[in-house]
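# Coordinate inspection notes
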Amino acid sequence: TDPVKPDFKNCGTAYAENDPLNINCCPPDSDNIIDYELPRPPQRLRVRQPAHMVGKEYIAKYEEAVRLMKELDKTNPNDPRGFMQQANVHCAYCNGPHEQVGHKGLDFQVHESWLFFPFHRWYLYFYERILGSLIGDPDFALPYWNWDHPAGMTMPPIFDNPRSPLYDAVRDPNNRGSAVVNLNYTSSEPTNDLTLVANNLRTMNSEMITSVNNTLQFMGAPYCDGSNPRPGMGTSERGSHTAIHIWVGTKDKTEEHKYNEDLGNFYSAGRDPLFYCHHGNVDRMWTIWRELDTPVRKDITSPNYLNAQFLFYDENARLVRVKVADCVDQEKMGYTYQYMPIPWLCYRP
Ligand code: C2O
């Protein structure tokens, strides 16, 4: 077999739970595709900070960048750097519009397989560079939602301010403010905050360490050229990652919001600025896991993984082709995570 490739040319209908959606999330077309090369050597490392600890100056910059991105939607809805176009990237790669090159009817799907971490890493990489270029700050870095630490187990306040461009009204109103996240959404028994925090630490310990006996259990199942989509999720994707999506999305089940929008469905998730902050921490979990001193081999060596491709628009609105191999080491991509203690490391139930 070969690595899987997305067919950008034949972008089709988007679906949610098998219902065709009344939206077009296909990216603008371009015949000019550039094989992306990481800037080398990386200039300075951009440092992603925990969202609950950022300062005033940073908040102002970040808000301004997202405001400018939303502004692009109005001046040119086809600008691939615009806010809705960026949100649609997720829809195009996740709700069925993109098929695999040479396989009519077989979706290119980035979830529930070993493409999960690499795809989202590249997605955030370009999103971050676009924001940075809009405000003329090459050091700009996204914040991460530190939901694996008790101090970060509520919605980060910078996203919960209705006057901010970081706000999104399509969320569950019960899970704003001081509500504590539930990283294990299958357990819905009412409980108190302290128990929730303890359960969250146990969930983290399990999905990062005790439930991971081999590489693919964490990374997700192999997905190659001609494979059926969604061969199987890794522990982190299935656990804390999905739980946060569901926890934030609305549960109102109105006609307009029947798919747990915005964060709770692939097609709409990128419309909530919180998505990129959530995925910052998901990405950080990949980084932490690679560095964990456990007997499991950390990196997948299959060429079908390393040579898998995605297409993105970069901060200069050029369509670029990237490979999984180039995103395995985040420092080569020019960013790092500000250190926070990891309270679930030795946590035993
Ligand atoms: Cu592509 Cu968290 O989803």
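Position numbers for residues count from 1 along each chain, tracking the sequence in the order it is written. This being a predicted model, a pLDDT of at least 70 is required before a residue's local features are given, and a value of 80 or more before pairs of side-chain atoms are given or counted; all residues contribute to the totals for chains, interfaces and linings.

### Comments concerning the overall build of the protein
For the record, the criterion: Helical segments are the DSSP runs of H or I of at least four residues, strand segments are the runs of E of at least two, and each set is numbered from the N terminus. To get the radius of gyration, use the C-alpha atoms; to get the globule rule, take the number of residues to the power 0.38 and multiply by 2.2 Å. Throughout, a pair of residues is in contact if the C-beta atoms placed from their backbones lie within 7 Å.
A tally of helices and strands in the protein yields nine helices and 10 strands. Here the C-alpha atoms of the protein give a radius of gyration of 19 Å, agreeing with the 20 Å that 2.2 N^0.38 yields for 349 residues. Overall, the C-alpha framework of the protein stretches about 55 × 45 × 45 Å when taken along its three principal axes. For the protein, contacts bridging at least 24 residues in sequence account for 74% of all contacts bridging at least 6.

### Overview of the environment of V181
Stated precisely, the cut-off is as follows: In this scheme the burial state of a residue depends on its C-beta neighbours within 10 Å: 20 or more other such atoms mean buried, 12 or fewer mean exposed, and anything in between means partly exposed; the C-beta positions come from the backbone.
You can see V181 is positioned in the loop between α3 (116-134) and α4 (193-210). By the C-beta count within 10 Å, which is 22 here, V181 ends up buried. Distance in space between the C-alpha atoms of V181 and W147 is 7.5 Å, their sequence separation being 34 residues. Not counting chain neighbours up to four residues away, the residues in contact with V181 comprise W147, M153, T154, N200, I244 and W247.

### Observations regarding helix α1 (residues 56-75)
For clarity, the cut-off: Working rule for helices: expected span equals 1.5 Å times residues minus one. Directions drawn from the helix axis to the C-beta atoms are what define this arc.
With 20 residues, α1 extends 28 Å from end C-alpha to end C-alpha; this agrees with the ideal 28 Å at 1.5 Å per step. Buried within α1 we find Y62, A65, V66, M69 and L72. The buried residues of α1 all sit within an arc of 100° when viewed along its axis, so they share a single face. Those residues of α1 that are exposed and angled more than 90 degrees off the buried face are K56, E57, A60, K74 and T75. At its buried positions, α1 is contacted by α2 (83-94) and α3.

### Structural notes on the sheet that holds strand β1 (residues 6-7)
Operational definition: Note on pairing: DSSP must find at least two bridges between two strands before they are called paired.
Reading across the sheet, the three strands line up as β1-β6-β7 and stay open at both edges, with antiparallel pairing between neighbours. Each end of this open sheet is capped by a strand with a single partner; those strands are β1 and β7 (103-107). Bridging between β1 and strand β6 (residues 99-100) involves two bridges; their strand directions are antiparallel. When the bridges of β6 are listed, P6 appears paired with Q100.

### Thoughts on the UniProt feature "binding site: Cu cation A" (unreviewed entry) in the protein
Just so we agree on the cut-off: UniProt positions are given in the numbering used here, feature names are shortened, and annotations may be inferred rather than shown by experiment.
Feature annotation in UniProt places "binding site: Cu cation A" (unreviewed entry) on H90, H111 and H120, given in this structure's numbering. The greatest C-alpha distance among the annotated residues, which extend across 31 residues, is 10.3 Å, indicating that they converge on a single site. Mapped onto the fold, H111 is located in the loop between β7 and α3. In contact with H111, not counting residues within four places along its chain, are C94, F116, R230 and E237.

### Considerations on the UniProt feature "domain: Tyrosinase copper-binding" (unreviewed entry) in the protein
UniProt's feature table lists "domain: Tyrosinase copper-binding" (unreviewed entry) at residues 111-128 and 272-283, given in the numbering used throughout. With 72% helix and 0% strand, the stretch residues 111-128 has end C-alpha atoms that lie 21 Å from each other. End C-alpha atoms of residues 272-283 are separated by 17 Å, and the span's content is 83% helix alongside 0% strand.

### So, the sheet that holds strand β8 (residues 309-313)
Operational definition: Axis lines are fitted to C-alpha atoms, over the contacting stretch for helices. Their N-to-C directions set the angle, which ranges from 0 to 180 degrees.
The strand order across the open sheet formed by three strands is β4-β9-β8, and the pairing between neighbours is mixed. A strand with exactly one partner marks an edge of an open sheet, and here the two such strands are β4 (33-35) and β8. Strand-to-strand, the axes of this sheet are offset by a mean angle of 35°, without reference to chain direction. Summarising the sheet, β4 and strand β9 (residues 319-323) pair through three bridges and their orientation is parallel. Among the inter-strand pairings, I34 is bridged to a residue of β9, identified as V320.

### A closer look at the nonpolar core
Quick note on the threshold: Joined through C-beta atoms within 7 Å, a set of buried Ala, Val, Leu, Ile, Met, Phe, Trp, Tyr and Cys residues constitutes a nonpolar core.
Membership of the largest hydrophobic core comes to 83 residues, with the highest contact counts inside it found for F119, W122, F126, C277 and F312. With 11 residues, the single largest contributor to this core is α3. Aside from chain neighbours lying at most four places away, what touches C277 is A51, L142, P143, Y144, W145, P156 and F159.

### Examining the packing of α4 against helix α6 (residues 235-248)
Convention followed: Put simply, angles under 35 degrees are roughly parallel, angles over 145 are roughly antiparallel, angles from 65 to 115 are roughly perpendicular, and the rest are oblique. When the near helix sits turned anticlockwise from the far one by under a right angle, the crossing is termed left-handed; a clockwise turn instead gives a right-handed crossing. We call Asp, Glu, Lys and Arg charged. Ala, Val, Leu, Ile, Met, Phe, Trp, Tyr, Cys and Pro are nonpolar, and the rest, Gly among them, are polar.
The contact between α4 and α6 brings their axes to 9 Å, and the two run at 165°. Considering the angle they form, α4 stands roughly antiparallel to α6. The hand of the α4/α6 crossing is left-handed. Note on element contacts: α6 touches α4 through T235, S236, G239 and S240, opposite T203, M204 and E207. Considering only residue class, the contact of α4 with α6 consists of one nonpolar, five polar and one charged.

### Some details on the environment of G102
Along the polypeptide, G102 turns up in the loop between β6 and β7. Once the C-alpha coordinates of G102 and D225 are considered, the two residues, 123 residues apart in sequence, prove to be 8.9 Å apart.

### Some remarks on the environment of E63
On the secondary structure map, E63 appears in helix α1. Given 19 C-beta atoms within a 10 Å radius, E63 is considered partly exposed. As a C-alpha pair, E63 and F159 span 96 residues in sequence and 9.8 Å in three-dimensional space. In this structure E63 touches S164, P165 and L166, once residues within four positions along its chain are discounted.

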